[in-house]
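Chains, contacts and geometry: an overview
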Amino acid sequence: MFRPNRLKERILSGQQSFGTWLQSNYPAFAEMAAAAGFDFIILDQEHGPGDERGAIDMMRAASGAPATVLVRVPSSHPTYLKRLLDAGCEGVVVPMVESAEEAKAIVEACRYAPRGTRGNAADIARCSSYGFQPDYLKRADDNFLIVVQIETAKAVKNARAIAEVDGVDVVFIGPTDLSGSIGLMGQTGHPDVEALIAEAVREVKAVGKPLATVPRIGKTWQDLMGEGYCFVATGSEIYSYRMAATELMKGWRAYRKAEEVQVAEAPKGSYST
Ligand code: 3PY
Ligand code: MG
(Lines give C-alpha, C1' and ligand atoms only; values in the text may rest on other atoms or scores of the structure.)
(Ligands and ions follow the chains in the order given, each with its own letter.)
Protein backbone atom coordinates (compact mmCIF):
# COMPACT_ATOMS: atom_id res chain seq x y z
CA MET A 1 0.00 0.00 0.00
CA PHE A 2 1.27 3.47 -0.83
CA ARG A 3 3.07 5.48 1.85
CA PRO A 4 5.89 8.03 1.90
CA ASN A 5 9.27 6.32 1.55
CA ARG A 6 10.73 6.63 5.03
CA LEU A 7 14.18 5.26 4.10
CA LYS A 8 14.47 7.71 1.20
CA GLU A 9 13.46 10.58 3.48
CA ARG A 10 16.07 9.50 6.02
CA ILE A 11 18.77 9.32 3.34
CA LEU A 12 17.87 12.73 1.91
CA SER A 13 17.92 14.30 5.36
CA GLY A 14 21.33 12.78 6.14
CA GLN A 15 20.19 10.23 8.73
CA GLN A 16 21.92 6.85 8.71
CA SER A 17 19.81 3.69 8.59
CA PHE A 18 20.25 0.11 9.73
CA GLY A 19 18.64 -2.86 8.03
CA THR A 20 18.73 -6.56 7.38
CA TRP A 21 18.35 -9.17 4.64
CA LEU A 22 15.66 -11.81 4.34
CA GLN A 23 16.31 -14.79 2.11
CA SER A 24 13.78 -17.48 3.04
CA ASN A 25 10.79 -15.86 1.27
CA TYR A 26 8.80 -16.53 4.45
CA PRO A 27 6.41 -13.77 5.64
CA ALA A 28 6.79 -14.43 9.39
CA PHE A 29 10.40 -13.31 9.17
CA ALA A 30 9.35 -10.04 7.52
CA GLU A 31 6.86 -9.58 10.32
CA MET A 32 9.59 -10.27 12.88
CA ALA A 33 12.16 -7.99 11.26
CA ALA A 34 9.63 -5.19 11.07
CA ALA A 35 8.64 -5.74 14.70
CA ALA A 36 12.30 -5.72 15.73
CA GLY A 37 12.49 -2.14 14.49
CA PHE A 38 14.93 -2.27 11.56
CA ASP A 39 14.78 0.86 9.41
CA PHE A 40 14.59 -1.27 6.30
CA ILE A 41 14.41 -4.85 5.11
CA ILE A 42 15.85 -6.16 1.86
CA LEU A 43 14.00 -9.15 0.41
CA ASP A 44 16.75 -10.97 -1.44
CA GLN A 45 15.67 -12.40 -4.75
CA GLU A 46 19.17 -12.47 -6.25
CA HIS A 47 19.98 -15.35 -3.90
CA GLY A 48 17.55 -17.78 -2.29
CA PRO A 49 14.03 -18.79 -3.32
CA GLY A 50 12.48 -15.30 -3.16
CA ASP A 51 9.77 -14.55 -5.71
CA GLU A 52 7.12 -11.98 -6.52
CA ARG A 53 4.29 -13.66 -4.62
CA GLY A 54 6.50 -14.11 -1.57
CA ALA A 55 7.50 -10.45 -1.74
CA ILE A 56 3.86 -9.36 -1.68
CA ASP A 57 3.13 -11.56 1.34
CA MET A 58 6.25 -10.25 3.09
CA MET A 59 5.39 -6.62 2.35
CA ARG A 60 1.95 -7.21 3.86
CA ALA A 61 3.50 -8.89 6.88
CA ALA A 62 5.87 -5.97 7.45
CA SER A 63 3.33 -3.24 6.85
CA GLY A 64 2.42 -2.80 10.52
CA ALA A 65 5.80 -1.20 11.21
CA PRO A 66 7.75 1.69 9.67
CA ALA A 67 10.49 -0.48 8.07
CA THR A 68 10.89 0.35 4.39
CA VAL A 69 10.80 -2.79 2.25
CA LEU A 70 13.21 -3.10 -0.67
CA VAL A 71 13.68 -6.02 -3.02
CA ARG A 72 17.05 -7.09 -4.36
CA VAL A 73 16.04 -8.22 -7.81
CA PRO A 74 17.66 -11.18 -9.59
CA SER A 75 18.54 -8.93 -12.53
CA SER A 76 17.68 -5.54 -13.97
CA HIS A 77 15.12 -6.90 -16.44
CA PRO A 78 12.56 -4.09 -16.97
CA THR A 79 9.56 -6.43 -17.04
CA TYR A 80 10.35 -7.82 -13.63
CA LEU A 81 11.10 -4.35 -12.25
CA LYS A 82 7.66 -3.26 -13.47
CA ARG A 83 5.94 -6.18 -11.77
CA LEU A 84 7.66 -5.50 -8.45
CA LEU A 85 6.90 -1.78 -8.65
CA ASP A 86 3.25 -2.61 -9.28
CA ALA A 87 3.37 -5.04 -6.36
CA GLY A 88 4.28 -2.08 -4.16
CA CYS A 89 7.88 -2.55 -3.18
CA GLU A 90 9.35 0.72 -1.97
CA GLY A 91 12.70 0.40 -3.66
CA VAL A 92 14.99 -1.95 -5.51
CA VAL A 93 18.56 -3.02 -5.03
CA VAL A 94 19.94 -4.01 -8.42
CA PRO A 95 23.02 -6.26 -8.39
CA MET A 96 25.99 -6.21 -10.76
CA VAL A 97 25.48 -2.82 -12.39
CA GLU A 98 28.61 -2.13 -14.43
CA SER A 99 27.94 0.95 -16.54
CA ALA A 100 26.06 4.26 -16.64
CA GLU A 101 23.98 2.88 -19.53
CA GLU A 102 22.74 0.01 -17.38
CA ALA A 103 21.98 2.41 -14.52
CA LYS A 104 20.05 4.73 -16.89
CA ALA A 105 17.99 1.80 -18.18
CA ILE A 106 17.09 0.80 -14.61
CA VAL A 107 15.95 4.33 -13.74
CA GLU A 108 13.89 4.55 -16.94
CA ALA A 109 12.19 1.24 -16.21
CA CYS A 110 11.19 2.53 -12.74
CA ARG A 111 9.70 5.84 -13.93
CA TYR A 112 6.48 6.65 -15.75
CA ALA A 113 6.45 8.63 -19.00
CA PRO A 114 7.65 11.20 -19.83
CA ARG A 115 10.64 10.50 -17.54
CA GLY A 116 10.71 6.76 -18.16
CA THR A 117 9.07 3.74 -19.71
CA ARG A 118 7.21 2.09 -16.82
CA GLY A 119 3.88 0.80 -18.09
CA ASN A 120 0.87 2.18 -16.29
CA ALA A 121 -1.91 0.16 -14.72
CA ALA A 122 -1.59 1.82 -11.35
CA ASP A 123 -5.34 1.98 -10.80
CA ILE A 124 -5.55 -1.78 -10.40
CA ALA A 125 -2.20 -2.44 -8.73
CA ARG A 126 -1.22 -2.84 -5.09
CA CYS A 127 1.32 0.03 -5.40
CA SER A 128 -1.48 2.63 -5.52
CA SER A 129 -3.53 0.84 -2.85
CA TYR A 130 -5.53 -0.57 -5.78
CA GLY A 131 -6.43 2.90 -6.99
CA PHE A 132 -7.42 4.28 -3.60
CA GLN A 133 -4.34 6.55 -3.63
CA PRO A 134 -5.52 9.08 -6.22
CA ASP A 135 -2.23 10.97 -6.69
CA TYR A 136 -0.05 7.84 -6.88
CA LEU A 137 0.99 8.53 -10.47
CA LYS A 138 2.29 11.97 -9.55
CA ARG A 139 4.17 10.77 -6.49
CA ALA A 140 5.42 7.34 -7.54
CA ASP A 141 8.64 8.20 -9.39
CA ASP A 142 10.12 10.39 -6.71
CA ASN A 143 8.95 8.24 -3.82
CA PHE A 144 10.72 5.13 -5.15
CA LEU A 145 14.28 4.33 -4.02
CA ILE A 146 16.77 3.07 -6.60
CA VAL A 147 19.92 1.44 -5.28
CA VAL A 148 22.52 0.08 -7.69
CA GLN A 149 25.24 -2.32 -6.66
CA ILE A 150 28.84 -1.83 -7.70
CA GLU A 151 30.50 -5.19 -7.27
CA THR A 152 32.94 -5.85 -10.08
CA ALA A 153 36.29 -4.30 -11.00
CA LYS A 154 34.68 -3.02 -14.22
CA ALA A 155 31.93 -1.29 -12.23
CA VAL A 156 34.54 0.41 -10.05
CA LYS A 157 36.16 1.86 -13.18
CA ASN A 158 32.73 3.26 -14.13
CA ALA A 159 31.73 4.23 -10.57
CA ARG A 160 31.65 7.97 -11.15
CA ALA A 161 29.55 7.70 -14.32
CA ILE A 162 27.14 5.29 -12.60
CA ALA A 163 26.80 7.59 -9.58
CA GLU A 164 26.17 10.58 -11.85
CA VAL A 165 23.04 9.00 -13.35
CA ASP A 166 19.99 11.04 -12.41
CA GLY A 167 17.59 8.84 -10.48
CA VAL A 168 20.23 6.59 -8.92
CA ASP A 169 19.62 7.34 -5.25
CA VAL A 170 22.28 5.17 -3.62
CA VAL A 171 25.39 3.31 -4.77
CA PHE A 172 25.80 0.06 -2.83
CA ILE A 173 29.21 -1.57 -2.71
CA GLY A 174 29.13 -5.40 -2.74
CA PRO A 175 32.49 -6.50 -1.30
CA THR A 176 32.00 -10.24 -1.73
CA ASP A 177 31.35 -10.19 -5.46
CA LEU A 178 33.96 -7.46 -5.86
CA SER A 179 36.54 -9.79 -4.31
CA GLY A 180 35.42 -12.56 -6.68
CA SER A 181 35.74 -10.29 -9.70
CA ILE A 182 39.51 -10.02 -9.12
CA GLY A 183 40.09 -13.68 -8.30
CA LEU A 184 40.01 -13.30 -4.50
CA MET A 185 36.56 -14.75 -3.76
CA GLY A 186 35.53 -14.10 -0.18
CA GLN A 187 38.79 -12.34 0.76
CA THR A 188 37.01 -9.09 1.38
CA GLY A 189 39.72 -7.75 3.70
CA HIS A 190 42.46 -8.26 1.09
CA PRO A 191 44.41 -5.04 0.32
CA ASP A 192 43.54 -5.29 -3.41
CA VAL A 193 39.82 -5.50 -2.59
CA GLU A 194 40.17 -2.64 -0.11
CA ALA A 195 41.93 -0.56 -2.78
CA LEU A 196 39.03 -1.12 -5.20
CA ILE A 197 36.48 -0.21 -2.53
CA ALA A 198 38.45 2.95 -1.68
CA GLU A 199 38.48 3.90 -5.38
CA ALA A 200 34.71 3.35 -5.70
CA VAL A 201 34.02 5.33 -2.52
CA ARG A 202 36.20 8.21 -3.76
CA GLU A 203 34.45 8.33 -7.14
CA VAL A 204 30.93 8.15 -5.72
CA LYS A 205 31.68 10.74 -3.04
CA ALA A 206 33.04 13.09 -5.73
CA VAL A 207 29.53 13.12 -7.22
CA GLY A 208 27.91 13.51 -3.80
CA LYS A 209 25.79 10.35 -4.01
CA PRO A 210 25.10 8.38 -0.81
CA LEU A 211 26.86 5.03 -0.36
CA ALA A 212 25.61 1.82 1.21
CA THR A 213 27.20 -1.55 1.89
CA VAL A 214 27.39 -4.68 4.02
CA PRO A 215 30.00 -5.52 6.67
CA ARG A 216 33.15 -7.23 5.42
CA ILE A 217 36.26 -8.82 6.91
CA GLY A 218 37.90 -6.14 9.04
CA LYS A 219 34.94 -3.74 8.89
CA THR A 220 32.00 -4.04 11.24
CA TRP A 221 28.74 -2.24 10.65
CA GLN A 222 29.86 0.19 13.36
CA ASP A 223 33.05 0.97 11.40
CA LEU A 224 31.02 1.53 8.23
CA MET A 225 28.51 3.80 9.94
CA GLY A 226 31.53 5.74 11.24
CA GLU A 227 32.73 6.09 7.63
CA GLY A 228 29.45 7.77 6.70
CA TYR A 229 27.57 5.10 4.72
CA CYS A 230 23.90 6.10 4.47
CA PHE A 231 22.84 2.56 5.27
CA VAL A 232 24.36 -0.76 6.19
CA ALA A 233 22.45 -4.02 5.68
CA THR A 234 23.60 -6.77 7.98
CA GLY A 235 22.64 -10.33 8.91
CA SER A 236 19.77 -12.44 7.66
CA GLU A 237 17.37 -14.97 9.08
CA ILE A 238 19.32 -17.77 7.39
CA TYR A 239 22.59 -16.54 8.89
CA SER A 240 20.99 -16.11 12.33
CA TYR A 241 19.54 -19.60 12.26
CA ARG A 242 22.85 -21.13 11.20
CA MET A 243 24.55 -19.44 14.15
CA ALA A 244 21.80 -20.48 16.57
CA ALA A 245 21.69 -24.05 15.27
CA THR A 246 25.48 -24.34 15.50
CA GLU A 247 25.36 -23.23 19.15
CA LEU A 248 22.55 -25.67 19.97
CA MET A 249 24.43 -28.55 18.38
CA LYS A 250 27.61 -27.60 20.23
CA GLY A 251 25.63 -27.90 23.44
CA TRP A 252 24.15 -31.24 22.48
CA ARG A 253 27.51 -32.68 21.45
CA ALA A 254 29.09 -31.55 24.69
CA TYR A 255 26.18 -33.03 26.64
CA ARG A 256 26.36 -36.47 25.16
CA LYS A 257 30.19 -36.29 25.26
CA ALA A 258 30.30 -37.86 21.84
CA GLU A 259 33.34 -37.72 19.65
CA GLU A 260 33.81 -34.14 18.50
CA VAL A 261 31.98 -33.81 15.18
CA GLN A 262 33.57 -31.08 13.17
CA VAL A 263 31.00 -28.59 11.94
CA ALA A 264 32.00 -27.77 8.40
CA GLU A 265 33.15 -24.19 8.25
CA ALA A 266 30.60 -22.17 6.32
CA PRO A 267 31.81 -20.16 3.32
CA LYS A 268 32.52 -16.53 4.17
CA GLY A 269 30.21 -14.00 2.60
CA SER A 270 28.21 -10.85 2.99
CA TYR A 271 25.94 -12.12 5.74
CA SER A 272 28.50 -13.76 7.96
CA THR A 273 31.07 -11.05 8.53
C1 3PY B 1 28.24 -8.60 -2.11
O2 3PY B 1 29.02 -8.38 -1.17
O3 3PY B 1 28.57 -9.11 -3.18
C4 3PY B 1 26.86 -8.23 -1.97
O5 3PY B 1 26.12 -8.33 -2.91
C6 3PY B 1 26.38 -7.76 -0.64
O7 3PY B 1 25.13 -8.18 -0.40
MG1 MG C 1 26.83 -9.34 -4.52
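Keep in mind it's a predicted model, so treat the numbers as computed, not measured.

1. Points about the overall build of the protein
Of regular secondary structure, the protein possesses 12 helices and 8 strands. Expressed along its principal axes, the backbone C-alpha trace of the protein runs to roughly 65 × 40 × 30 Å. Counting only residues that meet the buried cut, the protein has 50% of its 273 residues in that class. In the protein, the share of contacts with a sequence separation of at least 24, taken over all contacts with a separation of at least 6, comes to 65%. Taking the average place of the 30 positive charges on the side chains of the protein and the average place of its 34 negative ones, the gap between the two points comes to 2 Å.

2. Describing the environment of glutamate 194
Relative to the assigned elements, glutamate 194 resides in helix α10 (residues 191–207). Overall, glutamate 194 belongs to the partly exposed group, its relative accessible area being 21%. Expressed as a C-alpha distance, the spacing of glutamate 194 and proline 175, which sit 19 residues apart in the sequence, is 8.7 Å. The contacts of glutamate 194, once residues within four sequence positions are left out, are Thr188, Gly189, Arg216, Ile217 and Lys219.

3. As for the sheet that holds strand β1 (residues 17–22)
Strand order in the closed barrel formed by 8 strands is β1-β2-β3-β4-β5-β6-β7-β8, and the pairing between neighbours is parallel. Within the sheet, the average angular offset between the axes of one strand and its neighbour, ignoring direction, is 25°. Relative to strand β8 (residues 231–236), strand β7 (residues 211–213) is paired through 2 bridges, and the arrangement is parallel. Along β8, the bridge assignment pairs alanine 212 with phenylalanine 231. Contacts between helix α12 (residues 237–256) and the sheet are confined to β1 and β8, with β8 contributing the most and set at about 45° to the helix.

4. Here we look at the site of ligand 1
By nearness alone, every residue bordering ligand 1 is listed as Trp21, Arg72, Gln149, Glu151, Gly174, Pro175, Thr176, Asp177, Val214 and Ser270. The backbone of threonine 176 places a nitrogen or oxygen atom 2.8 Å from an oxygen atom of ligand 1. Compared with its free state, where it exposes 230 Å², ligand 1 has 98% of that area covered by protein. With 3 residues, the top contributor of residues to the shell around ligand 1 is helix α9 (residues 175–181).

5. Digging into helix α4 (residues 78–87)
Where α4 is concerned, the buried positions are Tyr80, Leu81, Leu84, Leu85, Asp86 and Ala87. For α4, the secondary structure elements touched by its buried residues are α3 (52–62), β3 (68–72), β4 (91–94), α5 (100–110) and α6 (136–143). Directly after α4, the chain includes glycine 88, whose backbone phi takes a positive value near 100°.

6. So, the environment of glycine 183
Structurally, the position occupied by glycine 183 is in the loop between α9 and α10. The class for glycine 183 is exposed, based on a relative accessible area of 63%. The spatial distance from the C-alpha of glycine 183 to the C-alpha of valine 193 is 10.0 Å, given a sequence separation of 10 residues.

7. Observations regarding the confidence of the model for the protein
Residues of the protein with pLDDT of at least 70 account for 96%, and the chain-wide mean is 95. Predicted confidence in the protein is weakest over α12, with a mean pLDDT of 96, and strongest over strand β6 (residues 170–173), with 99.

8. Let's talk about the coordination of the magnesium ion (ligand 2)
For a metal with four tetrahedral donors the ideal donor-metal-donor angle is 109.5 degrees, whereas six octahedral donors ideally subtend 90 or 180 degrees. Around the magnesium ion (ligand 2), the donor atoms from the protein are Glu151 (OE) and Asp177 (OD), and they sit 2.0 to 2.1 Å away. Remark: aspartate 177 occurs in helix α9 and glutamate 151 occurs in the loop between β5 (145–150) and α7 (153–157); sequence separation between them is 26 residues. Glutamate 151 gets classed as buried once you look at its relative accessible area, which sits at 2%.

9. Digging into unusual backbone geometry
With glycine set apart, most residues show a phi of negative sign, and most peptide bonds adopt trans. Here the residue pair alanine 113 and proline 114 is connected by a cis peptide bond, since its omega of 10° sits within 30 degrees of zero. Relative to the assigned elements, proline 114 resides in the loop between α5 and α6. Phi is positive for serine 129, close to 55°, though the residue is something other than glycine. Structurally, the position occupied by serine 129 is in the loop between α5 and α6.

10. Points about the pattern of salt bridges
Within this structure, the stated rule accounts for 18 salt bridges. Lysine 219 is the salt-bridge partner of glutamate 227, the closest N and O atoms lying 2.5 Å from each other. Residue glutamate 227 is classed as partly exposed on the basis of its relative accessible area of 33%. Here the salt bridges do not stand alone but share partners, grouping Arg6, Arg10 and Asp39 into one network.

Cut-off values and rules
- Residues numbered from 1 in each chain as written.
- Chains lettered and ligands numbered in written order.
- Predicted model: local features only at pLDDT ≥ 70, side-chain atom pairs only at ≥ 80, totals over all residues.
- Heavy atoms only, no water.
- Helix = DSSP H or I, 4+ residues; strand = E, 2+ residues; numbered from the N terminus.
- Buried < 20%, exposed > 50% of the residue type's maximum accessible area, 1.4 Å probe, protein only.
- Contact = heavy atoms within 4.5 Å.
- Lys, Arg positive; Asp, Glu negative; His and termini not counted.
- Charge placed at Lys NZ, Arg CZ, Asp CG, Glu CD.
- Pairing = 2+ DSSP bridges.
- Axes fitted to C-alpha atoms, helices over the stretch in contact; angles between N-to-C directions.
- Near = heavy atom within 4 Å.
- Polar contact = N/O pair within 3.5 Å; in protein donor to acceptor, adjacent residues only side chain to side chain.
- Areas by Shrake-Rupley, 256 points an atom, 1.4 Å probe, with all protein chains shown as cover.
- pLDDT = per-residue confidence, 0-100.
- Donors = N, O, S within 2.8 Å, 3.2 Å for Na, K, Ca; no water.
- Salt bridge = Lys/Arg side-chain N within 4 Å of Asp/Glu carboxyl O.

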